[in-house]
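Residue-level structural notes
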Amino acid sequence: MKQKANYLLQWLRAVRYQTLLAGLFLSSTSMGLTSFAATGADTNPATSASTKAPATVSTNAPANNSTPGAQASACPKVLQHTVLRLQDEKPQALCQYAGQVVVVVNTASYCGFTSQYKGLEALSAKYKDKGLVVLGFPSNDFSQEPDNNGKIAEFCENTFGVKFPMFAKSTVKGPEALPLFKQLAERTGTAPRWNFYKYIISRDGQTIKSYSAMTGPQDKSFVQEIEKQLATKGSGA
């Protein structure tokens, strides 16, 4: 009888222990589900978009026309070149002159036509506000520009008061010519045959005319062509 009582007591203790374990298990399971539901809500894209979504960029923002791609699309092919500025040899994109009438001229300091610097500067001063830009390219291709860039810049400024853009001494004819002058020669059929050859490029780059050194900056035909191109409104192509 005593043995049965002990067995019954052990059985009751076991049942109570198992009940306690079951309660603890159910409690921890409930907490786990609650935690999962809370974290699941944070990771659910549908319910957390307001706090997790990245910032958006306005589609109404103006286009950045200073990028190379934008510049190229608005710039005539003939101006899609980079050259060095005479004074400091810093790279300059010729696309900055897109939409203007451009006069390109190869120059030299010790030439019988060097005095044309004065006429070119006067032309630039008269028409620059209407959209004309004169670009000078010193060259020793005809053995009349032996000086370095610094001396050339000083000569142009001190002797003729040149203020129009000037670029570093370079080759303007033959296989070593600047890409700009190669393109001008291809488009017009005429490469520079002497110093102070001139090219007039229309605003859209579609029309290019060449003039020899014998045609001065003040010559009637030259000025008339500039005025004609200035009167034509257009943009880079």
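Figured I'd write up the structure that's included with this text. Computed from a predicted structure; not experimentally measured.

Rules used throughout
- Residues numbered from 1 in each chain as written.
- Predicted model: local features only at pLDDT ≥ 70, side-chain atom pairs only at ≥ 80, totals over all residues.
- Heavy atoms only, no water.
- Helix = DSSP H or I, 4+ residues; strand = E, 2+ residues; numbered from the N terminus.
- Buried < 20%, exposed > 50% of the residue type's maximum accessible area, 1.4 Å probe, protein only.
- Contact = heavy atoms within 4.5 Å.
- Areas by Shrake-Rupley, 256 points an atom, 1.4 Å probe, with all protein chains shown as cover.
- Axes fitted to C-alpha atoms, helices over the stretch in contact; angles between N-to-C directions.
- Parallel < 35°, antiparallel > 145°, perpendicular 65-115°, else oblique.
- Nonpolar A, V, L, I, M, F, W, Y, C, P; charged D, E, K, R; others polar.
- Pairing = 2+ DSSP bridges.
- Polar contact = N/O pair within 3.5 Å; in protein donor to acceptor, adjacent residues only side chain to side chain.
- Disulfide = S-S within 2.5 Å.
- Salt bridge = Lys/Arg side-chain N within 4 Å of Asp/Glu carboxyl O.

Time to look at the overall build of the protein. Regarding its fold elements, the protein presents seven helices and six strands. Going residue by residue from the N terminus, the α and β elements of the protein occur as α-α-α-β-β-β-α-β-α-α-β-β-α. Per-residue burial over the protein gives 37% buried out of 237 residues. Put simply, of all contacts in the protein between residues at least 6 apart along the chain, 68% involve residues at least 24 apart. Counting only carbon and sulfur atoms, one obtains 56% of the accessible surface of the protein, whose full area is about 14,400 Å².

Contact geometry for helix α4 (residues 116-127) and helix α5 (residues 149-160): axes closest at 10 Å, N-to-C directions at 75°. Between α4 and α5, the angle is such that the two are roughly perpendicular. Here Tyr117, Lys118 and Glu121 of α4 come into contact with α5, specifically with Phe155, Cys156 and Phe160. Its residues assigned to classes, the contact of α4 with α5 comprises four nonpolar, no polar and two charged.

What follows concerns the sheet that holds strand β6 (residues 208-211). Taken in spatial order, the four strands of this open sheet run β4-β3-β5-β6, and their pairing is mixed. With partners counted over all chains shown, the strands left at the sheet margins are β4 (132-138) and β6, one partner each. Neighbour-to-neighbour, the strand axes of this sheet turn through a mean angle of 20°, independent of strand direction. The sheet contact formed by strand β5 (residues 198-201) and β6 spans four bridges and is antiparallel. Opposite Ile200, over in β6, you have Lys209 as the bridge partner.

Moving on: the side chain of Gln229. Note that Gln229 resides in helix α7 (residues 220-231). Given the relative accessible area of 7%, Gln229 is considered buried.

The residue Thr114 is located in the loop between β3 (101-107) and α4 in this model. Of the residues examined, Thr114 reaches a relative accessible area of 5% and is grouped as buried. Among the polar contacts listed, one links the side chain of Thr114 to the backbone oxygen of Ser109, at a separation of 3.4 Å. Those residues in contact with Thr114 that lie beyond four places of it in its chain are Ala108, Ser109, Phe155, Phe160 and Phe196.

On to the state of the cysteines, then. Scanning the model with the defined rule gives one disulfide in all. Here Cys75 pairs with Cys95 through a disulfide, and the sulfurs are 2.2 Å apart. What sets the handedness of the Cys75 and Cys95 disulfide is the S-S torsion sign, and at about -95° it is left-handed. With Cys75 in the loop between α3 (68-74) and β1 (82-84) and Cys95 in the loop between β2 (91-93) and β3, this residue pair connects regions lying 20 residues apart in the sequence. An identical accessibility class is assigned to Cys75 and Cys95; each is buried.

With that settled, consider the pattern of salt bridges. Counted by the stated rule, this structure contains two salt bridges. Among the salt bridges present, the one from Asp88 reaches Arg85, with a minimum N-O distance of 2.7 Å. The class of Asp88 is partly exposed, set by a relative accessible area of 35%.

Below, the discussion takes up the environment of Asn106. Along the chain, Asn106 turns up in strand β3. Among all residues touching Asn106, those that are not within four sequence positions of it are Phe137, Phe142, Val172, Phe181, Pro192, Trp194, Asn195, Phe196 and Tyr197. Among the polar contacts listed, one links the side chain of Asn106 to the backbone oxygen of Trp194, at a separation of 3.0 Å.

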